[in-house]
There are 2 protein chains.
Amino acid sequence: MHPLFNYIKEYASTSISEEDFDIFLSHFIKKKIRKKQYLLEDGEICKYFAFIVKGAMRKYYIDEKGIEHIVNLYIENWWAGDRESFVMSTPSIYHIDAWEDCEVLLITRESVLELTQQFPAFNELLLKLDERNNIATQRRITSSISFTAEKRYADFVDCHPYFLHRFPQHIIASYLGITKDTLSQVRRKAFKK
Amino acid sequence: MHPLFNYIKEYASTSISEEDFDIFLSHFIKKKIRKKQYLLEDGEICKYFAFIVKGAMRKYYIDEKGIEHIVNLYIENWWAGDRESFVMSTPSIYHIDAWEDCEVLLITRESVLELTQQFPAFNELLLKLDERNNIATQRRITSSISFTAEKRYADFVDCHPYFLHRFPQHIIASYLGITKDTLSQVRRKAFKK
DNA sequence: ATATTTCGTAGACATTTGTCTACGTTTTTT
DNA sequence: AAAAAACGTAGACAAATGTCTACGAAATAT
């Protein structure tokens, strides 16, 4: 079965019939994004959200010094995009690119609104995603303001072990708000214990 | 008119009729919470979300050293609660208390679910709040992992000027993930410019 | 197969931020 | 009105984290 179909089935209490699913799917644009290619660039408006069927992506902010700060990491069955830009149609401050070759399903804001009207299961899915996202970001903020680099890393390993094989350490360091050098130190210290 | 009625009118595209509003309001428990009293304590399950009619509250995490880390600040027309605990019925790791004497409207998870069924305007409101919250927390995370203390404070002053008169500096420092001493330094430096 | 890039680690040093103590002012409580 | 608590600032010092350079190993491109 189609990965998006399974995904909805898993997350929503109701489902979409197999006949309807063709209509549902017709709102998505299938696309391959090769490693290092962009889904979104700084200054653009985020026209599409991407459901990742296969591959890995990252969202990051580039500061005045030109340093990348990883805001989000995504793998299969995650949605990549900048919500603020997508909803408000304002220029994004983020870049999103493929860390591995990707297969994605793109959808516009208009299609999202249509599909939520038409398919209650999809509406329910989006609500749950928002809820989960709110909970997850709250945890991340708590970690960010309360913990040392060492604890933040330990927490990350606990909560997102699946990212460890997909992204190198300097990317994870950036996600945690530290440099690769500091993460290296932290790991050495933690290992000694 | 009732503050919650105005609030819904402002945020949702549809509204609730004045007769229905009595029914709507009957799901809320009106309560006064005096300064320093708790809405939620560490280890409890968050049974109620609170709509703040009047006053100011804060949510914080207490670490092993006993230090408070401010996770959220709330004033009039904000919702206070721990979403994770509220939704999953798990013990919260946060404290929420009143920073000023408060008037709040409490609502249970069950009532939320009922009201979203019964009042499309309320459902729409909650969706928008989640959306806004997602956008806001994303910004906060970006600030937290990318900016120096000085920039984070400047950003805070820009985005939340209404908090400046309601909460003292050491609370704002904690919200930004720094100590009161560091915030004091940062402000001195910024002033010299 | 070779060259190039990416990656993780290391150490020396700089900068930022935290810790602690102290003090004067303001606010709150008694 | 007096006492106590809360608040902001300051300075000396400590700890955490960042910056930079270098190097070898691994992965990738040519």
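What counts and what doesn't
- Residues numbered from 1 in each chain as written.
- Chains lettered and ligands numbered in written order.
- Predicted model: local features only at pLDDT ≥ 70, side-chain atom pairs only at ≥ 80, totals over all residues.
- Heavy atoms only, no water.
- Domains from an automatic or database assignment.
- Contact = heavy atoms within 4.5 Å.
- Buried area = accessible area lost by both parts, 1.4 Å probe.
- Salt bridge = Lys/Arg side-chain N within 4 Å of Asp/Glu carboxyl O.
- Polar contact = N/O pair within 3.5 Å; in protein donor to acceptor, adjacent residues only side chain to side chain.
- Helix = DSSP H or I, 4+ residues; strand = E, 2+ residues; numbered from the N terminus.
- Nonpolar A, V, L, I, M, F, W, Y, C, P; charged D, E, K, R; others polar.
- Near = heavy atom within 4 Å.

**A look at the domain arrangement of chain A**
Residues and elements named next belong to chain A.
Alright, step 1. By the assigned domains, chain A splits into domain 1 (3-137) and domain 2 (147-193).
Alright, step 2. For domain 1 and domain 2, the distance between their C-alpha centres works out to 26 Å.
Alright, step 3. Listed by partner, the interface residues are 16 residues for domain 1 and nine residues for domain 2.
Alright, step 4. Surface buried jointly by domain 1 and domain 2 totals about 1100 Å² across both partners, of which 68% is contributed by carbon and sulfur atoms.
Alright, step 5. When the buried area of domain 1 at its contact with domain 2 is split by residue, I70, L73 and W99 rank highest and sum to 53% of it.
Alright, step 6. Where domain 1 packs against domain 2, one counts two salt bridges.
Alright, step 7. The salt bridge involving R166 is made with E76; its shortest N-O contact spans 3.0 Å.
Alright, step 8. At the junction of domain 1 with domain 2, the criterion picks out five residue pairs in polar contact (both at pLDDT 80 or more).
Alright, step 9. For the side of domain 1 that touches domain 2, the element with the highest residue contribution is strand 5 (residues 68-74), accounting for seven residues.
Alright, step 10. Grouping the constituent residues of the side of domain 1 that touches domain 2 by class yields nine nonpolar, three polar and four charged.

**Some words on the protein's contact with DNA strand D**
Alright, step 1. Close to DNA strand D lie 19 residues; A:D181, A:T182, B:Q169, B:H170 and B:R188 are nearest.
Alright, step 2. Backbone sugar and phosphate groups make up 78% of those atoms of DNA strand D lying within 4 Å of the protein.
Alright, step 3. In this structure, B:K180 approaches DNA strand D through a side-chain N or O atom, which is 3.0 Å from a base oxygen.
Alright, step 4. For the surface near DNA strand D, the elements supplying multiple residues, two or more each, are helix 9 (180-192) of chain A together with helix 8 (169-175) and helix 9 (180-192) of chain B.
Alright, step 5. Grouping the amino acids of the surface near DNA strand D by side-chain chemistry returns four nonpolar, eight polar and seven charged.

**Overview of the environment of A:S146**
Alright, step 1. Examined against the element boundaries, A:S146 turns out to sit in helix 5 (residues 120-146).
Alright, step 2. Each residue touching A:S146, except ones within four places of it in the same chain, is listed here: B:Y61 and B:H69.

**Section: the protein's contact with DNA strand C**
Alright, step 1. As a matter of local geometry, DNA strand C sits amid 19 residues, with A:Q169, A:H170, A:R188, B:D181 and B:T182 nearest to it.
Alright, step 2. Considering DNA strand C, the proportion of its atoms within 4 Å of the protein that are sugar or phosphate atoms stands at 78%.
Alright, step 3. In this structure, B:T182 approaches DNA strand C through a side-chain N or O atom, which is 2.6 Å from a phosphate oxygen.
Alright, step 4. Where the surface near DNA strand C is concerned, the elements lending two or more residues are helix 8 (169-176) and helix 9 of chain A together with helix 9 of chain B.
Alright, step 5. At five residues, the largest contribution of residues to the surface near DNA strand C is made by helix 9 of chain A.

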